[in-house]
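Here is how the chains run, residue by residue.
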Amino acid sequence: MTTSSLLEFARGPLFRLSFAILILGLGRIIFLEIWGIIKAYGNTCDMKMPWQLIRSRSLEWILPVKRMMRNRDVYSVVSFLFHFGLLIVPIFLFAHINLWQQSVGITWPALPYLWAFWLALSTIVFGATMLIGRMAVKQMRFLSKPQDYFWLILLLTPFVTGFICANLSINAAFYQFIMVVHVLAGDLIFILIPFSKIAHCVLAPFSQVVGAIGWKFPSGADEAITRTLDSPKG
Amino acid sequence: MKITTITQEEHKKAFRSVKKPEVIQKQKLNVRYHVEDLDVSDRPRKFLEAFAIILKHSNYKMVLDHFIRMTARCSRCSVACQVYQATGDPRDIPCYRSGLLLDVYRRHFTLGGMLKGRVTGGGYLTDEKIQEMADSFWNCTACRRCVLECPLGLDHGLITHLGRYILSEIGIAPRALVVSTRAQLEGPFKNTSAIPVPALKDTLEFLEDDMFEEKFVKIKFPLDVDGSDYVFFAAVSDYLTEAESLMGIAAVFTATGDKWTIGTDYFDGINYGLFYSDRVLERVVKKVDDETKRLHGKKILIGECGHASRTARQFVPAYCGGTQALPVVNIIEYTHRVWKEGRLKLNPGVVTERVSYHDPCNYARNRWIVNQPREVLKSFCKNYFEMAPSGENNICCGGGGGTVSIDEIRPYRTTVGGRMKAEQIRRSGCEVLVAPCANCKKQLRELVEDQGIDCKVVGFHDLIYNAIEFDDSLKVARDEAGKEAK
Ligand code: SF4
């Protein structure tokens, strides 16, 4: 397989597949999440939900202005900007929108070139900072599992490669090679998101509700457990 | 707030084990608290069985599923945890603590984990891991401050709660709590301090006499009055150690004339179930509800006690009738309301010291009782000031999660758990610290003593008692009072 046919494959069928996995996978966990919440809510007698608290705590983290600066300020700002770039750049990049338009015919406004340039660059820098932070800060290193490093590297790969292709003058063969890495990394990210901690991109908004219902214990559990313990095992 | 971590010497003191080596050997468990002798064979299997049964009869599965998909291990929670701030040991980072249990769940209760376990042949729950959990979950004071700092909104307090619950099912729970609960649920006196009813009556009469001599008002503790508006449950230890708080509460009711009562069949608000077992929690909550119904009370009133209030408030609806359940009121809410209605007069000249307010975690973390006591205190304490952080973000006294009732770990509580709080009190120059919670009061008194801080810890109603002013109609003339006293 030549590089160019591999590229075609990676951004054609493979992309479609991975995108389908992403959507279906995320759909699945959202469904499971909501189903779990509904079931748990049905188990409890205490139907009153602290909506005000849930709303304000959720908003605090979706727009973390209030929380961000109070503790770990450098880390918080870096992390916030990293997340921001991570979401905005791939969706609003002119080149990406172009691909969508050519294949499915839909389009939306793109980021101006300069914006895209700086945002992509800052995402790379902040991502790298997070990676270094993970390795350098004692408590972060202690908590980290291999996949935490892996994800940062994987997420940065399409950014770095994309940045190279868009902004540096390199020869055509090398360009194609970098492009293949770019697209393959993107595909891999899509495939893995629903099965990894990155699922927090869709699950985070449920956290406060999960916490609130988690504290609502079903009535009669004591008796049920005693009964289970007393019954002979079979 | 930044604090220095403990020195090696302090570490030794805080974590020393008071147990004899042969007990540790026999129980195959080296933790700081005493544990009742238990069957130690096959512990991991029993743990997993208990875990499975609990998952079946609870809502924890939903929570755990959510958590294992989410944890990003960013370590932001480390700044919130006063235990980690004191020890500097990364094993005390809240996320790591939860991770201990999440790993077990992942490995043994999810398909992916089981497959991975099969393939790699590793990760099986071991005695060492149980030991680590038994240590870690009781290092935590269940203050739930870390909840506020998690960008993903994960509730580490809930995971600690579950971890302790499972451990207790295989016999690993602090003996101090287990023994008290047994006295409460199965003992002849039906309360955690094993106070017999005649002794309770004596105490209350004694207090009534005292109050009469001091205030010239007949202040009563009404017992077993049918059909009262409020049936009162204090943390039962208050009857032994917090006379002033109780007198304050009785005084408020005398001033307002509202009907309240203490039931002699069951009068203990303490619910250690919140700290180690949902099953205990459920049983105790039902007792409180039963007693209120026996006396045809309209509302459940809980005294100055954070966990007692939270358990009643949160779990009476869950266990005793949902929307039909009896309303639960905390005494501070009541006092605040009657003060606002103008039915309570407080003399602003009595309390002159620098007074500050300590938020019990169980009141403030969910923004339940934060401003009410402050409004009242500011109205009559000339030198009231705020410590920072406070309210929802308050720092735990260091004795939360039931640890305050475990006397053998006092060195841990006052060097590690309460280190951040001690620093805060010291820096603020507080003279009188109001802590409207039986647990907080005990812990804070021990804390200021062990840390050599000059600060008096009192209850909210202690100050109310000092400052309260009665209507002339309630006052008995002095000479008459003299006669009555004779
Ligand atoms: S609940 Fe409190 S003590 Fe426990 S881990 Fe969280 S912050 Fe630390």
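Because the structure is a prediction, the values reported are computed rather than measured.

**Some words on the overall build of chain B**
Argument step 1. On a plain count of helices and strands, chain B comes out with 25 helices and 10 strands.
Argument step 2. Relative to the globule expectation of 23 Å for 486 residues, the C-alpha radius of gyration of chain B, 23 Å, shows essentially globular dimensions.
Argument step 3. Based on the C-alpha atoms only, the size of chain B along its principal axes is roughly 85 × 50 × 45 Å.
Argument step 4. Burial status across chain B gives 64% buried among its 486 residues.
Argument step 5. Of the contacts made within chain B by residues no fewer than 6 positions apart, 80% connect residues no fewer than 24 positions apart.

**Considering the environment of glycine 121 of chain B**
Argument step 1. The residue glycine 121 of chain B is located in the loop between α7 (111-120) and α8 (127-139) in this model.
Argument step 2. For the pair formed by glycine 121 of chain B and lysine 26 of chain B, sequence separation is 95 residues and the distance between their alpha carbons is 30 Å.

**Remarks on the confidence of the model for chain B**
Argument step 1. Counting all residues, the mean pLDDT for chain B is 94, and 98% of those residues have values of 70 or more.
Argument step 2. We note a pTM of 0.95 for the whole complex and an ipTM of 0.93 for its interfaces.

**A word on the nonpolar core**
Argument step 1. Counting 185 residues, the largest nonpolar core has Phe47, Phe51, Met133, Tyr239 and Phe380 of chain B as the members making the most contacts within it.
Argument step 2. The contacts of phenylalanine 51 of chain B, once residues within four sequence positions are left out, are Leu64, Leu101, Val104, Tyr105, Phe109, Leu162 and Ile166 of chain B.

**Let's talk about unusual backbone geometry**
Residues and elements named next belong to chain B.
Argument step 1. Cis rather than trans, the peptide bond between alanine 388 and proline 389 has omega equal to -10°.
Argument step 2. Along the chain, proline 389 falls in the loop between β7 (381-384) and α21 (410-417).
Argument step 3. Positioned with a positive phi, alanine 142 is a non-glycine residue whose angle comes to about 55°.
Argument step 4. Structurally, the position occupied by alanine 142 is in the loop between α8 and α9 (146-149).

**Quick word on the interface of chain A and chain B**
Argument step 1. Between chain A and chain B, the residue contacts involve 58 residues of the former and 63 residues of the latter.
Argument step 2. Between chain A and chain B, the buried area comes to about 5200 Å², and carbon and sulfur atoms account for 55% of it.
Argument step 3. Considering only the side of chain A, the residues that lose the most area to chain B are Leu143, Trp215 and Phe217 of chain A, jointly responsible for 16% of the buried surface there.
Argument step 4. There are 7 salt bridges connecting chain A and chain B.
Argument step 5. For aspartate 222 of chain A, the salt bridge goes to arginine 283 of chain B, with nearest N and O atoms at 2.9 Å.
Argument step 6. Taken together, the connections running from chain A to chain B amount to 28 residue pairs in polar contact (both at pLDDT 80 or more).

**Examining the sheet that holds strand β9 (residues 456-458) of chain B**
Residue and element names in this part refer to chain B.
Argument step 1. In spatial order, the strands read β7-β6-β8-β9; together these 4 strands make up an open sheet with parallel pairing. Edge positions in the open sheet fall to β7 and β9, since each of these has one partner strand only. Pairs of neighbouring strands in the sheet enclose a mean axial angle of 40°, with direction left out of account.
Argument step 2. Pairing geometry for strand β6 (residues 351-357) and strand β8 (residues 432-434), over 3 bridges, is parallel. Within the sheet, the bridge partner assigned to tyrosine 357 lies in β8 and is valine 434.
Argument step 3. Packed onto the sheet, helix α24 (residues 460-467) meets β6, β7, β8 and β9 and runs at close to 90° relative to β9.

**Quick notes on the domain arrangement of chain B**
Residues and elements named next belong to chain B.
Argument step 1. Taken as a whole, chain B is organised into domain 1 (8-173), domain 2 (188-339) and domain 3 (342-469).
Argument step 2. The distance between the C-alpha centroids of domain 1 and domain 2 comes to 34 Å.
Argument step 3. Each partner contributes to the interface: domain 1 provides 9 residues, whereas domain 2 provides 8 residues.
Argument step 4. Summing both partners gives a buried area of about 720 Å² for domain 1 against domain 2, and 48% of it is carried by carbon and sulfur.
Argument step 5. It is His161, Tyr165 and Glu169 that lose the most area in domain 1 upon contact with domain 2, and together they represent 53% of the buried surface on that side.
Argument step 6. Remark: the boundary between domain 1 and domain 2 carries 1 salt bridge.
Argument step 7. Where domain 1 packs against domain 2, one counts 6 residue pairs in polar contact (both at pLDDT 80 or more).
Argument step 8. Sort the elements by how many residues they give to the side of domain 1 that touches domain 2 and helix α10 (residues 156-169) lands first, with 5 residues.
Argument step 9. Looking at the side of domain 1 that touches domain 2 residue by residue, the class counts come to 4 nonpolar, 2 polar and 3 charged.

**Some points on the site of the ligand**
All names here are of chain B.
Argument step 1. Cys81, Gln82, Val83, Pro94, Arg97, Cys140, Thr141, Ala142, Cys143, Arg144 and Cys146 make up every residue found near the ligand.
Argument step 2. Listed by contribution, the elements that provide at least two residues to the shell around the ligand are α5 (82-87) and α6 (94-109).
Argument step 3. Classifying every residue of the shell around the ligand gives 7 nonpolar, 2 polar and 2 charged.

**Quick notes on the packing of α6 of chain B against α10 of chain B**
All names here are of chain B.
Argument step 1. α10 packs onto α6 with a crossing angle of 45° between their chain directions and a minimal axis gap of 9 Å. Classified by the angle between their axes, α6 and α10 sit oblique to one another. Crossing hand, α6 versus α10: left-handed. When α6 is examined against α10, the residues Pro94, Cys95, Arg97, Ser98, Leu101 and Leu102 are found in contact with a partner set consisting of His156, Ile159, Thr160, Leu162, Gly163 and Ile166.
Argument step 2. Its residues assigned to classes, the contact of α6 with α10 shows 7 nonpolar, 4 polar and 1 charged.

**Re a negative patch on the surface**
Argument step 1. The grouping of Asp202, Glu205, Asp209, Glu213, Glu214 and Glu244 of chain B at the surface amounts to a negative patch.
Argument step 2. Secondary-structure assignment places glutamate 244 of chain B in helix α14 (residues 243-256).

**Observations regarding the environment of isoleucine 153 of chain A**
All names here are of chain A.
Argument step 1. Locating isoleucine 153 in the fold gives a position in helix α9 (residues 146-167).
Argument step 2. On the basis of relative accessibility, which here comes to 47%, the residue isoleucine 153 falls in the partly exposed class.
Argument step 3. Each C-alpha atom of the pair isoleucine 153 and leucine 131 lies 7.9 Å from the other, and the pair is 22 residues apart in sequence.

Rules used in this analysis
Residues numbered from 1 in each chain as written. Chains lettered and ligands numbered in written order. Predicted model: local features only at pLDDT ≥ 70, side-chain atom pairs only at ≥ 80, totals over all residues. Heavy atoms only, no water. Helix = DSSP H or I, 4+ residues; strand = E, 2+ residues; numbered from the N terminus. Rg over C-alpha atoms; globule rule 2.2 N^0.38 Å. Buried < 20%, exposed > 50% of the residue type's maximum accessible area, 1.4 Å probe, protein only. Contact = heavy atoms within 4.5 Å. pLDDT = per-residue confidence, 0-100. Core = buried A, V, L, I, M, F, W, Y, C linked by side-chain atoms within 4.5 Å. Buried area = accessible area lost by both parts, 1.4 Å probe. Salt bridge = Lys/Arg side-chain N within 4 Å of Asp/Glu carboxyl O. Polar contact = N/O pair within 3.5 Å; in protein donor to acceptor, adjacent residues only side chain to side chain. Pairing = 2+ DSSP bridges. Axes fitted to C-alpha atoms, helices over the stretch in contact; angles between N-to-C directions. Domains from an automatic or database assignment. Nonpolar A, V, L, I, M, F, W, Y, C, P; charged D, E, K, R; others polar. Near = heavy atom within 4 Å. Parallel < 35°, antiparallel > 145°, perpendicular 65-115°, else oblique. Left-handed = near helix turned anticlockwise from the far one by under 90°. Patch = residues over 30% accessible without salt bridge, like charges linked within 9 Å, V, L, I, M, F, W, Y side chains within 5 Å. Areas by Shrake-Rupley, 256 points an atom, 1.4 Å probe, with all protein chains shown as cover. Lys, Arg positive; Asp, Glu negative; His and termini not counted. Charge placed at Lys NZ, Arg CZ, Asp CG, Glu CD.

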